[in-house]
Amino acid sequence: MVFSLYRLILSGLLLGPYLFAASVYADPTSHQAPPNIAQQLQHAGAMTAQVAISEYLVSEKFDGVRGFWSGSAMYSRSGRPIDLPMWFTDGFPDEPLDGELWIGHGRFDEISALVRQSAPDESDWRKVKFMVFDVPQLAQPFAMRYGYAQKQFTDISPYLVVIVQRQFTNAVALDAHLTQVIKEGGEGLMLHRKSALYHQGRNQDLVKLKRYEDAEAEVVGYHQGKGKYLGMLGALEVETPSGIRFKLGSGLTDAERRNPPVLGSIVTYKYYGVTSNGVPRFASFMRVRSNQ
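Residues numbered from 1 in each chain as written. Predicted model: local features only at pLDDT ≥ 70, side-chain atom pairs only at ≥ 80, totals over all residues. Heavy atoms only, no water.

Per an unreviewed UniProt entry, the protein carries the name ATP-dependent DNA ligase and comes from Shewanella algidipiscicola. The heading Cofactor (unreviewed entry) in the UniProt record of the protein holds the text "a divalent metal cation". For the record of the protein, the UniProt heading Catalytic activity (unreviewed entry) holds the text "ATP + (deoxyribonucleotide)n-3'-hydroxyl + 5'-phospho-(deoxyribonucleotide)m = (deoxyribonucleotide)n+m + AMP + diphosphate." (UniProt positions renumbered as here; feature names shortened; annotations may be inferred.)

## Quick look at the overall build of the protein
Tallying secondary structure elements over the protein gives six helices and 16 strands in all. Relative to its full complement of 292 residues, the protein shows a buried share of 52%. Taking as baseline every contact in the protein between residues at least 6 positions apart, the subset at least 24 positions apart corresponds to 73%. Element-wise, carbon and sulfur atoms account for 51% of the exposed surface of the protein, whose accessible area totals about 13,900 Å². (Helix = DSSP H or I, 4+ residues; strand = E, 2+ residues; numbered from the N terminus. Buried < 20%, exposed > 50% of the residue type's maximum accessible area, 1.4 Å probe, protein only. Contact = heavy atoms within 4.5 Å. Areas by Shrake-Rupley, 256 points an atom, 1.4 Å probe, with all protein chains shown as cover.)

## Considering the pairing of strand β8 (residues 129–134)
Burial within β8 is extensive, with five of its six residues counted as buried. In terms of strand pairing, strand β7 (residues 97–102) meets β8 through five bridges, oriented antiparallel. Across the sheet, Glu-100 pairs through a bridge with Met-131, a residue of β8. Taken together, the three bridges between β8 and strand β9 (residues 160–162) define a ladder with parallel strand orientation. Note that in β9 the partner of Phe-130 across the bridge is Leu-160. (Pairing = 2+ DSSP bridges.)

## Considerations on the pattern of salt bridges
Enumeration over the complete set of coordinates arrives at nine salt bridges. One salt bridge in this structure joins Glu-110 and Arg-107, with 2.9 Å as the shortest N-O distance. Overall, Glu-110 belongs to the partly exposed group, its relative accessible area being 37%. The exposure class assigned to Arg-107 is partly exposed, which follows from its relative accessible area of 29%. A salt bridge links Lys-270 to Asp-175; the shortest N-O distance between them is 2.8 Å. Of this pair, Lys-270 sits in strand β15 (residues 266–271) while Asp-175 sits in helix α5 (residues 171–183), placing them 95 residues apart in sequence. Grouping residues by exposure puts Lys-270 and Asp-175 together as buried. (Salt bridge = Lys/Arg side-chain N within 4 Å of Asp/Glu carboxyl O.)

## Here we look at the nonpolar core
If you look at the biggest cluster of nonpolar residues, it comprises 28 residues, and the most contacted ones within it are Phe-88, Leu-101, Trp-125 and Phe-130. Of all the secondary-structure elements, those providing two or more residues to this core are β4 (65–69), β7, α2 (108–115), β8, α4 (142–153) and β9. Per-element accounting of this core gives the leading share, four residues, to α4. What Trp-125 contacts, discounting residues up to four positions off in sequence, is Ile-82, Asp-83, Leu-84, Pro-85, Trp-87, Phe-88, Leu-101, Leu-114, Val-115, Pro-120 and Tyr-159. Tyr-56, Val-58, Ala-171 and Tyr-272 belong to the second-largest nonpolar core, a separate cluster that totals 17 residues. (Core = buried A, V, L, I, M, F, W, Y, C linked by side-chain atoms within 4.5 Å.)

## Re the confidence of the model for the protein
In this model, the protein carries an average pLDDT of 82, and 81% of its residues clear a pLDDT of 70 or more. At the low end of the mean pLDDT range in the protein sits strand β1 (residues 6–10), at 37; at the high end sits β9, at 98. In the model, residues 1–33 has pLDDT below 50 throughout and makes 124 contacts with residues more than four positions away in sequence or in other chains. Here residues 43–49 scores under 50 on pLDDT; set against residues more than four positions off or in separate chains, the count is 28 contacts. (pLDDT = per-residue confidence, 0-100.)

## Thoughts on the sheet that holds β4
In space, the six strands of this open sheet follow the order β6-β5-β4-β7-β8-β9, with mixed pairing throughout. Of all the strands in the sheet, the pair left with one neighbour each is β6 (81–82) and β9. Where α2 meets the sheet, its contacts fall on β4, β6 and β7, and the angle it forms with β4 comes to roughly 45°. Each of β7, β8 and β9 touches α4; the most contacted strand, β9, lies at about 140° to it. (Axes fitted to C-alpha atoms, helices over the stretch in contact; angles between N-to-C directions.)

## Considering the packing of aromatic side chains
According to the stated counting rule, one finds twelve aromatic pairs in the structure shown. On the basis of an interplanar angle of 70° and a centroid distance of 5.3 Å, the ring pair of Phe-88 and Trp-125 is categorised as edge-to-face. Residue Phe-88 is located in the loop between β6 and β7, and its partner Trp-125 is located in helix α3 (residues 122–125); the two are separated by 37 residues in the primary sequence. By the burial criterion, Phe-88 is buried, and Trp-125 matches it. On the basis of an interplanar angle of 85° and a centroid distance of 5.7 Å, the ring pair of Tyr-148 and Phe-153 is categorised as edge-to-face. One aromatic cluster is present, formed by Trp-69, Trp-87, Phe-88, Phe-92, Trp-125, Phe-130 and Tyr-159 through successive ring pairs. The cationic tip of Arg-257 hangs over the ring face of Tyr-229; the distance from NZ or CZ to the ring centre is 3.9 Å. (Phe/Tyr/Trp six-rings, centres within 6.5 Å; stacked < 30°, edge-to-face > 60°. Lys NZ or Arg CZ within 6 Å of the ring centre and 35° of its normal.)

Structural data, given as structure tokens:
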């Protein structure tokens, strides 16, 4: 296997449906930490099956410090209170939000040091934004939670930003966006399953997308196209050297669909990690291997 610059890391940062007892969250008039925040937040998980890219909303992955706004105070992912200037949270809602405290690309060390201060340095906090990626109290699919956040929390504070979510229909478009984000100094992307509720603990509804890998496989069959590809190749059936078979359709041009690689030829494809069964995720055709 030849590794390119890109690879996929799986993570679970979404939280599930808001089914916690009311006592989990602090009273809005109190700064007492909600109990067991670390147990309430979602943590790294792994997808176990292929899911179409169109089933996700996609946002930039920000290299900041996880922040949980209880409705009255900010806490780290471990439940430690984060001291903030009082003016920083003016206008923040009295409902829980999950997000990232972020200064800018490549400045993780700065925000990490800042949140550990026992007394906030007000001039430094003016550089920080609370980048909101979820609303844990809503027992609704992620797409609806995002719509709610856009409507309710946009422009309520100069220090609170609802992270933009985008939609992509194929791996080529997703890869182009990933390339642009990295070019601008970003770390990668987060893919949120649209239909996912807000789960605590580990789950399979968020994919952290960084850089891809590439590999080779043998063409062992064909799948007929449908819709706009009717009468052409829909996807190649390929087999890896380890015996894993899967369909490879994304990335093929119309010319390649009309005249596909012959059976037995070796093709190169890019992908973003593998499932628990070893099947490449979001695999996309790159080229037929040259014999020279």
